[in-house]
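Overview (structure and organization)
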Amino acid sequence: MVQIEQLAARTPAVSVDELLKGFYPSPRFGEVSFASYRPDPKQPSQAAAVRELQGFADGVGSGNGGGLFRKLFGKKDDSRAGIYLDGGFGVGKTHLLASLWHASPGPKAFGTFVEYTNLVGALSFRKTVDALSGYKLVCIDEFELDDPGDTVLMSRLMRELADAGVKLAATSNTLPGSLGDGRFAAVDFQREIQVLADQFEVIRIDGEDFRHRGLPAAPAPLKNSELNHHMKAEFDGKTVAQDEFSTLIHHLAGVHPSRYRQLIDGIDGVVWRNVETIKEQAVALRFVVLADRLYDKDVPILASGVPFDQLFTEEMMTGGYMKKYFRAVSRLTALAREGQNHEPS
C-alpha cells in the first residue's frame, strides 16, 4: 500500500538551528573522500587539485580566531582565506568540495550558492554573518554569476566571514555557451570580491565538459490514467507526494525556498499530474530550487503532461538563467528516468 501525501498541503516551520543543520553535503556526496575521487590520467590538473585541497584541509581550524582581536593580537596567518575550483561541468568539483568538507573539522557548512542566498533571505544578512562566523569552514557549491545582486551579496558575506577567520571554498558556475571554457567565471568571481582576491587561490580543473554532452532525452510522460497503476507498482510500502502540478506551483510561492528541504522530508517519491510549461521567471526559479532538493535526496518522479525538456520556455533556456534551467531539466529528467525506467539518477 502507498501512503499518499501532498506537498501542497505542507507548510514546514523551520528554526534557525534546523536551517543551519541542513548545510551538509547531499546523500549523493555523503561518503565521498579525496581517496574516492578518480583523477583522469590525461588531465593532470585533477590530481593537482586533490593535492591542493588536501593541503588546504590541513589548515582549516588552525587559525587564531577571527575579527579585530585576531588582527591586533593574533599571530599573522599567511595561509589562504579561500580556495576556488574553476572548471567545466562533470569534472568532479562538487565531489572534491564535499571531500574537503568531510576532511575538515567543524563546525562547518556546505551548501549551494542558492541555499546561502535563501538563508540570508530567511534570517537577514547580519544574522547569517553572526551564525556562520563561528564556523571553521564554509563551502559554497555552484557559485552563480547570473544574478549580479546575489553575487554582490555573497561576495560581501564571504568577505565578512573571512575577516572573522572562517576558511572559504567555492566552485564555479559557468553558463552553457560561455566563451573561454569556464575561465571567465573565475575572473568575474574575483572581480566581485576584490578585497579577498589576493587571499583566494583559483584552482583550474580540466576535463570533459558536461555542456558538450547535451541533455539526456526526457522519457515520454505518462497518461493521467496510468499514474495510479505506476505509483502502486513503483512505491509500494512507501510515502508518495501526489500533486496537481498547477496547485503545487501556486503553493511554492508561499513557502520560502530555504524550507524546501523540509518540504520534501520523508517523501520517497513524487507524482505530478498535468505538468505544464512554466512561463513566469520567478515561478521557474523557485521550481529550480525544488528540483535541486529532490535531486539531492534522489526522489524518483512519475509525471503526466509535458515532458521535462519542455518545462521552461525557449526564452528561459537561452536567457541569463539558462544554466539553472539546464541543470533543472537534466536533474528532473534523471529522476523521471529513475521513476519510470528504473535507471539510476
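This write-up is about the structure you can find in this document. Counting of residues starts from 1 at the beginning of each chain's written sequence and follows it residue by residue. Where totals are concerned, whole chains, interfaces and linings use all residues; where local detail is concerned, this predicted model gives features only for residues with pLDDT of at least 70, and gives and counts side-chain atom pairs only at 80 or more. In computing side-chain values, all of the structure's heavy atoms are included and hydrogens and water are not.

Section: the packing of helix α5 (residues 113-123) against helix α6 (residues 125-132)
- Two elements in contact, α5 and α6, have axes whose closest approach is 7 Å; the angle formed by their N-to-C orientations is 115 degrees. The element α5 and its partner α6 pack so that their crossing is right-handed. Touching Y116, L119, V120 and L123 of α5 are F125, K127, T128 and L132, all from α6.
- Residue classes in the contact of α5 with α6 are distributed as six nonpolar, one polar and one charged. Each axis is a line fitted through C-alpha atoms, taken for helices only over the stretch in contact, and angles between the N-to-C directions span 0 to 180 degrees. In this text, helices come from DSSP runs of H or I with a minimum length of four residues, and strands from runs of E with a minimum of two, each type numbered from the N-terminal end. By convention, the crossing between two helices is left-handed when the near helix turns anticlockwise from the far helix through less than a right angle, and right-handed when the turn is clockwise. Two residues form a contact once any of their heavy atoms are found within 4.5 Å. We call Asp, Glu, Lys and Arg charged. Ala, Val, Leu, Ile, Met, Phe, Trp, Tyr, Cys and Pro are nonpolar, and the rest, Gly among them, are polar.

Some words on the sheet that holds strand β4 (residues 137-141)
- Spatially, β3-β4-β5-β2-β6 is the arrangement adopted by the five strands of the open sheet, whose pairing is parallel. Two strands bound the open sheet, and with one partner strand each, they are β3 (108-112) and β6 (200-205). For this sheet the average axis-to-axis angle between neighbouring strands, irrespective of direction, equals 15 degrees.
- Only strands joined by at least two bridges in the DSSP assignment are considered to pair. Across six bridges, strand β2 (residues 82-87) lies against β6 in parallel orientation. The residue of β6 that forms the bridge with L85 is I203.

What about the nonpolar core?
- To qualify as a nonpolar core, a set must consist of buried Ala, Val, Leu, Ile, Met, Phe, Trp, Tyr and Cys residues joined through side-chain atoms within 4.5 Å. Burial here depends on accessible area, computed with a 1.4 Å probe over protein chains only, as a share of the maximum for the residue type. Under 20% is buried, over 50% is exposed, and the range in between is partly exposed. With 41 residues, the main nonpolar core has W272, F287, L290 and F312 as its most contacted residues.
- At nine residues, helix α12 (residues 281-296) tops the list of elements feeding residues into this core.
- Residues F23, F143, M158 and A162 belong to the second largest nonpolar core, which totals 29 residues.

Scope: geometric values only; no functional claims are made or implied.
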